[in-house]
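Structural overview
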Amino acid sequence: MCPLLEDDHLRVAIEIPLSRKGWSPLTSALIYISSWQKPCEIIFYEDRNFQGRSYECMSDCTDISSYLSRVGSIRVDSGCFMVYERNSFMGNQFFLRRGEYHDMQRMMSMGMMFDSIRSCRMIPPYRGSFRMRIYERDNFGGQMYELMDDCDNIMERYRMSDCQSCHVMDGHWLMYEQPHYRGRMVYFRPGEYRSFRDMGYSNMRFMSMRRITDMC
């Protein structure tokens, strides 16, 4: 076994089997490569400009108010997160990528439509392909189209005036109530979503979809 070669981002091991009859020691080699990846992390602060008490989170949190009385600013050190207006991932939601968010007003100017954050969900890093089927009606009824990339307007591309269910096969997606990725948004991970109305989105019409391609 050769020594391990490693740094902060790569770990490599090369193993050469012992000689056998008819084999040379260099006949074969096993190469193991594993990429090191920084954990996703978001930090919430009670006051603007990263002041006051803070709460560090590296996964989902159903109730941020258990740790802080309010959220005044946010720093996403790595990864991507959804933040929610209410506990247990309920209410309006907003997508945050790595960066600094100095105050709530700045986040609202970026399109966030609420001023109180109560829960968050970590979006797992993903490097594969993307595939999603959208349906005109509940329970996968009506017109169906399969997406493998972003769509900024389903009406213009597919002549589809409404989307009431979907099946996410691969990747993580954001769906928006207005064309060109505007208005309220909803995060969809792989799974079957048979009725947006039953999920509490009866007053929303999803008109554009975007893949989450950001990495930790």
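All of the points below concern the structure found in this document. Predicted model, so just to flag it, every value in this text is computed and none were measured. (Residues numbered from 1 in each chain as written. Predicted model: local features only at pLDDT ≥ 70, side-chain atom pairs only at ≥ 80, totals over all residues. Heavy atoms only, no water.)

1. Re the pairing of strand 4 (residues 41–47)
- The buried fraction of strand 4 is high, at 6 of 7 residues.
- The pairing of strand 4 with strand 6 (residues 73–78) spans 5 bridges and is classified as antiparallel. Pairing of Phe44 across the sheet is with Ile74, part of strand 6.
- Where strand 4 lies against strand 5 (residues 51–57), 5 bridges are found, and the strand directions are antiparallel. Each bridged residue has a counterpart across the sheet, and for Phe44 the counterpart in strand 5 is Tyr55.
- Count of turn residues in the strand 4/strand 5 antiparallel hairpin: 3 residues, of which Asn49 carries a positive phi of about 60°. (Buried < 20%, exposed > 50% of the residue type's maximum accessible area, 1.4 Å probe, protein only. Helix = DSSP H or I, 4+ residues; strand = E, 2+ residues; numbered from the N terminus. Pairing = 2+ DSSP bridges.)

2. Observations concerning the packing of aromatic side chains
- Scanning the entire structure with this criterion turns up 13 aromatic pairs.
- Ring plane angle 5° and centroid distance 4.0 Å describe the contact between Tyr55 and Tyr67, whose orientation is recorded as stacked. In this pair, Tyr55 is assigned in strand 5 and Tyr67 in the loop between strand 5 and strand 6, connecting sequence segments 12 residues apart.
- A residue is classified by how much of its surface remains accessible, and Tyr55, at 14% relative accessible area, is buried.
- Joined through ring pairs, the aromatic side chains of Phe188, Tyr193, Phe196, Tyr201 and Phe206 make up one cluster.
- One residue, Arg121, lies across the ring of Phe89, its end atom 3.9 Å from the ring centre.
- For Arg211, the ring lying beneath its charged end belongs to Phe130, and the centroid distance is 5.7 Å. (Phe/Tyr/Trp six-rings, centres within 6.5 Å; stacked < 30°, edge-to-face > 60°. Lys NZ or Arg CZ within 6 Å of the ring centre and 35° of its normal.)

3. Observations regarding the sheet that holds strand 13 (residues 165–170)
- On the basis of which strands lie adjacent, the open sheet formed by 4 strands has the order 12-11-13-16 and antiparallel pairing. In this open sheet, the two edge strands, each paired with only one partner strand, are strand 12 (141–147) and strand 16 (191–193). Mean inter-strand twist for the sheet, computed between neighbouring axes without regard to direction, equals 10°.
- Relative to strand 16, strand 13 runs antiparallel, the two sharing 3 bridges. Paired with Cys166 across the strands is Tyr193, a residue of strand 16. (Axes fitted to C-alpha atoms, helices over the stretch in contact; angles between N-to-C directions.)

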